[in-house]
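Examination of the molecular architecture
Below, each chain spelled out in residue letters.
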There are 2 protein chains.
Amino acid sequence: MGASKTSEYTKKEIELAKYAKAISHPARIAILNFLIKKKSCICGDIVDELPISQSTVSQHLKELKASGLIKGNIDGVSVCYCIDEKEWKKANVLLGGFFEKIIINKSVCC
Amino acid sequence: MGASKTSEYTKKEIELAKYAKAISHPARIAILNFLIKKKSCICGDIVDELPISQSTVSQHLKELKASGLIKGNIDGVSVCYCIDEKEWKKANVLLGGFFEKIIINKSVCC
DNA sequence: CATATTAATCGTAATATTACGATTAATATT
DNA sequence: AATATTAATCGTAATATTACGATTAATATG
């Protein structure tokens, strides 16, 4: 048995978990930071920047693309990745809303 | 091979990934939402609330505790869990800072 | 056309995660 | 003291993740 029981939860919970999962690995955070720093997308330079192999970077990029946080445009031989700002904002709003709940609804115990 | 190459990344990247991982499963988000809603900590009622077994809930609680986002106080037979507000704020600041970068440093491409 | 570069994918392996039932240790209740 | 309740842990199993090298398909360059 085991492994993901995605249904039975609310859409918000599932979406929030999806975005959180996308940034739940240091390599993916490093990739996103790199994409933000170098505004002009950048393609395979990510591999030079990170301490992991090309195939592993490619996998992380695939996951980030699947989450929606980034998109990739083919540009000749190379691929140009960049933040998908619309999705990024959605993630920001969802995560922000989640973490601000505790400030509004102060927990009084323990 | 495989599995975690945690070093070689910055402390911030690793910490951010840690918090993100903590909330990367709908069950854990549901648990946190429940703990926030019911201010008075609550103990085993989480099991009744969620569509997963007691042992699985216990595992998720263990992970949440490991991340620091919650703490658990023994209260007789039962255990009282609640948000660790200090850690929660730290996570909020880290995540908030991360997602706001793109707003300041607008990406122009693709 | 031959060769180089780029990035995805495949195959493989190690490890982590998710989940459950069963057991256990602890405190409460009868 | 016997029994019930609570929540952690153990054992087990399925699946997912992380990682790498090798291969592949594509475009670019000589």
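Preceding this paragraph is the structure being described.
Here's what I pulled together on the structure shown here. (Residues numbered from 1 in each chain as written. Chains lettered and ligands numbered in written order. Predicted model: local features only at pLDDT ≥ 70, side-chain atom pairs only at ≥ 80, totals over all residues. Heavy atoms only, no water.)

Superposing chain A onto chain B requires a rotation of 180° together with a translation of 0.0 Å along the rotation axis, leaving an RMSD of 0.0 Å. Taken together, the rotation and translation relating the two chain copies correspond to the operation of a two-fold axis. Scanning chain A for the C-alpha nearest the rotation axis identifies A20(A), at a separation of 2.4 Å. (Least-squares fit on C-alpha atoms with pLDDT ≥ 70 in both.)

Moving on to the pairing of strand β1 (residues 70-75) of chain A. Residues and elements named next belong to chain A. In this structure, β1 lies alongside strand β2 (residues 78-83), joined through 6 bridges in antiparallel fashion. Bridge pairing in β2 links K71 to C82. From the end of β1 to the start of β2, which pair antiparallel, there are 2 residues, and G76 there has a positive phi angle of about 75°. (Pairing = 2+ DSSP bridges. Helix = DSSP H or I, 4+ residues; strand = E, 2+ residues; numbered from the N terminus.)

Let's shift gears to the pattern of salt bridges. All names here are of chain A. According to the stated counting rule, one finds 8 salt bridges over all chains in the structure shown. Residue E15 is joined to K18 by a salt bridge in which the shortest nitrogen-to-oxygen separation is 4.0 Å. Taken together, the positions of E15 and K18, both in helix α1 (residues 11-22) and 3 residues apart, correspond to about one turn of that helix. Taking relative accessible area as the criterion, E15 reaches 27% and is therefore assigned partly exposed. Looking at K18, the relative accessible area reads 33%, which means it is partly exposed. Three or more residues joined by partner-sharing salt bridges are found here, namely E15, K18, E87 and K90. (Salt bridge = Lys/Arg side-chain N within 4 Å of Asp/Glu carboxyl O. Buried < 20%, exposed > 50% of the residue type's maximum accessible area, 1.4 Å probe, protein only.)

This part is about the side chain of S24(B). Relative to the helices and strands, S24(B) is located in the loop between α1 (11-22) and α2 (26-37). A distance of 2.8 Å separates a polar side-chain atom of S24(B) from the backbone oxygen of K21(B). The contacts of S24(B), once residues within four sequence positions are left out, are A17(A), A20(A), K21(A) and S24(A). (Polar contact = N/O pair within 3.5 Å; in protein donor to acceptor, adjacent residues only side chain to side chain. Contact = heavy atoms within 4.5 Å.)

Bringing the environment of C43(A) into the picture now. Residue and element names in this part refer to chain A. Among the secondary structure elements, C43 is positioned in the loop between α2 (26-37) and α3 (45-49). The partly exposed category is assigned to C43, whose relative accessible area is 25%. Separated by 34 residues in sequence, C43 and V77 have C-alpha atoms that sit 9.9 Å apart.

Attention now goes to the packing of α2(A) against α1(B). It is the contact of α2(A) with α1(B), at a shortest axis distance of 8 Å, that shows an interaxial angle of 120°. Here α1(B) runs oblique to α2(A), going by the angle between their axes. Pair α2(A) / α1(B) crosses with right-handed handedness. Together, P26(A), I29(A), A30(A) and N33(A) of α2(A) and E13(B), I14(B), L16(B) and A17(B) of α1(B) make up the contact between the two elements. Considering only residue class, the contact of α2(A) with α1(B) consists of 6 nonpolar, 1 polar and 1 charged. (Axes fitted to C-alpha atoms, helices over the stretch in contact; angles between N-to-C directions. Parallel < 35°, antiparallel > 145°, perpendicular 65-115°, else oblique. Left-handed = near helix turned anticlockwise from the far one by under 90°. Nonpolar A, V, L, I, M, F, W, Y, C, P; charged D, E, K, R; others polar.)

Let us now look at the packing of helix α5 (residues 85-104) of chain A against α2(B). For the pair α5(A) and α2(B), the least separation of the axes is 10 Å and the interaxial angle reads 25°. Between α5(A) and α2(B), the angle is such that the two are roughly parallel. The hand of the α5(A)/α2(B) crossing is left-handed. When α5(A) is examined against α2(B), the residues F98(A), K101(A) and I102(A) are found in contact with a partner set consisting of I29(B), L32(B), N33(B) and I36(B). The residue makeup of the contact of α5(A) with α2(B), split by class, is 5 nonpolar, 1 polar and 1 charged.

The terminal C-alpha atoms of α5(A), which comprises 20 residues, lie 28 Å apart, in line with the 28 Å expected from a rise of 1.5 Å per residue. Among the residues of α5(A), E85(A), E87(A), W88(A), A91(A), N92(A), L94(A), L95(A), G96(A), F98(A), F99(A) and I102(A) are the ones counted as buried. (Expected span 1.5 Å × (residues − 1).)

All right, on to the interface of chain A and chain B then. Taken residue by residue, the interface counts 49 residues in chain A and 49 residues in chain B. Taken together, chain A and chain B are joined by 0 salt bridges. Our count for the contact surface shared by chain A and chain B stands at 4 residue pairs in polar contact (both at pLDDT 80 or more). Mapped onto the side of chain A that touches chain B, the elements with two or more residues apiece are α1, α2, β2 and α5 of chain A. In terms of residue count, α5(A) provides more of the side of chain A that touches chain B than any other element does, 11 residues in total. Residues belonging to the side of chain A that touches chain B are distributed by class as follows: 31 nonpolar, 8 polar and 10 charged.

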